[in-house]
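For reference, the chains in residue letters:
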Amino acid sequence: MSSGEQRYPMAGVTAITNARIFDGEKVIGARHILIQGGTIIAVGGEIPAHAAVINAENAMLMPGLMDAHVHTSIGGLRDALKFGVTTELEMNGGFTKKGREIQLQNLSDVADVRSAGMAVTAPGGHPDELLPDHDGGIPDFVLKELEKLTEKERNAMLEAFAHDHDEAPQVTTIEEAVKHVHTQVENGADYIKIMIEEGTVMGVPGLPVLSEDILKAAVREAHKLNKIVLAHVLTADSSLSAIQMGVDGLAHLFIDRPESTSEVVATIKDSGAFVTPCLVLNASIIGNPASELAGDPRVNSKLSPEWIDILNSSFNTYPQGSLENSFKSVMDLHKAGVDILVGTDVSPVPLHNLGGLAHGASVHHEMQLLVKAGFTPVEALQSATSKPARRFGLQDRGRIAEGMRADLVLVEGDPTTNISDSLSIQAVWLKGAGQQIH
């Protein structure tokens with residue numbers, strides 16, 4: 001019996017062999033990994049004689065991708081997984097720990113998810129302006145999603161909606177902000193989000209925004225409870241305000257390019273905060289649909305016609321904006337040493353006023369835009385794997401290393417030199433279980 005067989009029990013060991021491996025940080029010399037029980041048990045070394053072998057010749061193995069800014073649903077989590085996105089980070093919604101226990105029990109074909117719960121915002125404030133009109137009951141977009149689910153999934157989603165929206169806490173005072181943060185944490189929120197959006201970029205100027213004192217109290221309380229805080233911001237001024245309040249991350253990149261950009265960049269860098277630029281959203285806000293992505297057979301073969309229609313539309317609420325300005329801003333931050341994370345801000349279901357974005361597919365589009373802005377392909381991949389895992393404290397994923405979750409994506413070609421190859425997906429594993437991706 002070889003030393004390999006002594007170290008690894010025969011039962012349930014899978015070897016993925018002959019692959020080039022990007023480990024979340026760099027391409028490494030090892031050409032195979034061993035998986036057992038949902039975990040990577042070795043990178044390189046001996047292959048047990050009785051391991052199940054998957055030959056990955058001419059392909060690259062990478063950690064499962066992460067989307068660090070979504071608004072999701074069961075259908076969204078399913079679509080994400082088809083594109084090798086094994087973790088979505090929800091920035092306003094119902095997939096807190098309690099929500100996951102209600103909605104995702106026994107579902108094995110959906111990406112993992114973490115959530116901020118319901119964000120801290122003013123009554124009538126963002127994102128209310130984006131939601132379809134409804135009569136105070138279940139919104140139309142939730143009803144559309146329910147139609148696509150099994151009865152069991154439908155009941156779980158209804159229960160979760162009632163749990164998250166029944167007696168939703170109003171925030172108008174410092175005391176209510178503190179209570180709101182506690183409510184989200186009690187529901188199992190993994191982090192906290194605050195909204196600073198007065199509406200100009202969204203085409204609805206005059207949205208109510210909570211005062212600085214109230215938002216500061218929410219940030220302070222979240223930190224007392226050991227939760228990081230992210231801020232929705234779309235302008236340089238709101239970005240500076242959020243940093244001064246002590247947030248840990250900006251969930252967007254400011255879309256304006258003021259003369260004082262260097263001051264904004266220096267302030268963000270000095271704070272240690274990260275930025276999730278959502279370049280795909282900025283492109284949509286200035287009126288650019290994601291039509292090239294929608295026309296890619298590697299994309300449209302995996303998405304419904306409804307989502308393809310959404311990719312072919314756009315927000316178009318700030319047409320005076322410039323994508324080149326966003327490219328310059330994200331590169332200024334990157335060169336300054338600010339951690340840049342891949343995120344998309346995709347909606348839970350296809351809504352035409354929220355165009356240009358789709359679950360899973362837009363992660364690959366975001367990496368392409370980062371490279372277009374000036375990132376190397378390796379840097380773009382880091383922003384979708386090891387960096388979000390580190391910044392959100394998800395220490396079990398984002399890298400290919402012994403002891404990590406076996407969340408993996410195998411792609412044809414080499415996305416570390418040609419980022420578009422990330423869409424050429426051959427296989428996806430979630431906790432070591434192979435997934436149906438077509």
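Residues numbered from 1 in each chain as written. Predicted model: local features only at pLDDT ≥ 70, side-chain atom pairs only at ≥ 80, totals over all residues. Heavy atoms only, no water.

## Concerning helix 6 (residues 174-186)
Turn by turn, an α-helix covers 3.6 residues, leaving residues three or four places apart pointing in a common direction. Over its 13 residues, helix 6 extends 18 Å from the first C-alpha to the last, a length consistent with the 18 Å expected when each residue adds 1.5 Å. Buried within helix 6 we find A177, H180, V181 and Q184. Across the axial projection of helix 6, the buried residues extend over an arc of 95 degrees, all falling on one side. Seen from the open side of helix 6, the exposed residues pointing more than 90 degrees away from its buried face are E175, K179 and E186. Of the surrounding elements, those touching the buried residues of helix 6 are strand 11 (192-195) and helix 7 (212-224). Note on helix 6: the residue one or two positions beyond its end, G188, has a positive phi of about 95 degrees. (Helix = DSSP H or I, 4+ residues; strand = E, 2+ residues; numbered from the N terminus. Expected span 1.5 Å × (residues − 1). Buried < 20%, exposed > 50% of the residue type's maximum accessible area, 1.4 Å probe, protein only. Arc of directions from axis to C-beta. Contact = heavy atoms within 4.5 Å.)

## Things to note about the side chain of H252
In this structure, H252 sits in the loop between strand 13 (249-250) and helix 9 (261-271). At 3.2 Å, the side chain of H252 forms a polar contact with the side chain of H232. With residues near it in sequence (within four places) discarded, H252 still touches H69, A231, H232, V233, L234, V275, T276, P277, C278, L281 and D345. (Polar contact = N/O pair within 3.5 Å; in protein donor to acceptor, adjacent residues only side chain to side chain.)

## Observations concerning the sheet that holds strand 9 (residues 85-90)
Ordered by their spatial adjacency, three strands build an open sheet running 8-9-10, and the pairing between neighbours is parallel. Looking at which strands have only one partner, the edges of the open sheet turn out to be strand 8 (65-70) and strand 10 (112-115). In this sheet, neighbouring strand axes are inclined to one another by 20 degrees on average, regardless of whether the strands run parallel or antiparallel. As judged from the four bridges shared by strand 8 and strand 9, these two strands associate in the parallel manner. Across the sheet, residue D67 finds its bridge partner in strand 9, namely E88. Docked against the sheet, helix 15 (residues 361-373) engages strand 8 and strand 9, running at close to 95 degrees with respect to strand 8. (Pairing = 2+ DSSP bridges. Axes fitted to C-alpha atoms, helices over the stretch in contact; angles between N-to-C directions.)

## Details of the layout of surface pockets
Looking at the second largest pocket, its volume works out to about 380 Å³. Forming the walls of the second largest pocket are 20 residues, and the residues nearest its centre are E292, L293, H365, Q368 and L369. The set of elements that each furnish at least two residues to the lining of the second largest pocket consists of helix 10 (279-285), helix 11 (291-294), helix 14 (323-335) and helix 15. Per element, the largest residue contribution to the lining of the second largest pocket is four residues, and it comes from helix 15. (1 Å grid on protein atoms, 1.4 Å probe; cavity = no way out; pocket = protein on both sides within 12 Å on 5 of 7 lines; lining within 4 Å. Points joined across faces, edges and corners; volume = space filled by probe spheres on them.)

## Things to note about the packing of aromatic side chains
Across all of its chains, the model carries two aromatic pairs by this definition. A centroid spacing of 5.5 Å and a plane angle of 55 degrees characterise the contact between F274 and F392, whose relative ring orientation is tilted. Taken as a pair, F274 in strand 14 (residues 274-275) and F392 in the loop between helix 17 (386-391) and strand 15 (408-412) lie far apart in primary sequence, 118 residues in all. Residue F274 is classed as buried on the basis of its relative accessible area of 1%. Taken together through their ring pairs, the aromatic side chains of Y191, F274 and F392 make up a single cluster. The ring of F83 carries the charged tip of K302 above its face, separated from the ring centre by 5.5 Å. (Phe/Tyr/Trp six-rings, centres within 6.5 Å; stacked < 30°, edge-to-face > 60°. Lys NZ or Arg CZ within 6 Å of the ring centre and 35° of its normal.)

## Observations regarding the packing of helix 6 against helix 7
In contact at an axis separation of 8 Å, helix 6 and helix 7 are set at 35 degrees when each is read in the N-to-C sense. Handedness of the helix 6/helix 7 crossing: right-handed. Along the contact surface, helix 6 presents I174, A177, V178, V181 and H182, while helix 7 presents D213, I214, A217, A218, E221 and A222. Tallied by class, the residues present in the contact of helix 6 with helix 7 amount to eight nonpolar, one polar and two charged. (Left-handed = near helix turned anticlockwise from the far one by under 90°. Nonpolar A, V, L, I, M, F, W, Y, C, P; charged D, E, K, R; others polar.)

## Quick notes on the confidence of the model for the chain
Of all residues in the chain, 88% have pLDDT values of 70 or greater, and the mean over the chain is 91. Low pLDDT, under 50, characterises residues 1-10; the stretch is placed with 18 contacts to residues that sit more than four places away or in other chains. (pLDDT = per-residue confidence, 0-100.)

## Here's the deal with unusual backbone geometry
In this model, H126 is joined to P127 through a cis peptide bond whose omega is 15 degrees. Looking at the secondary structure, you find P127 in the loop between strand 10 and helix 4 (140-146). Of note in this structure, N316 is not a glycine but carries a positive phi near 55 degrees. With respect to the secondary-structure elements, N316 resides in the loop between helix 13 (305-311) and helix 14.

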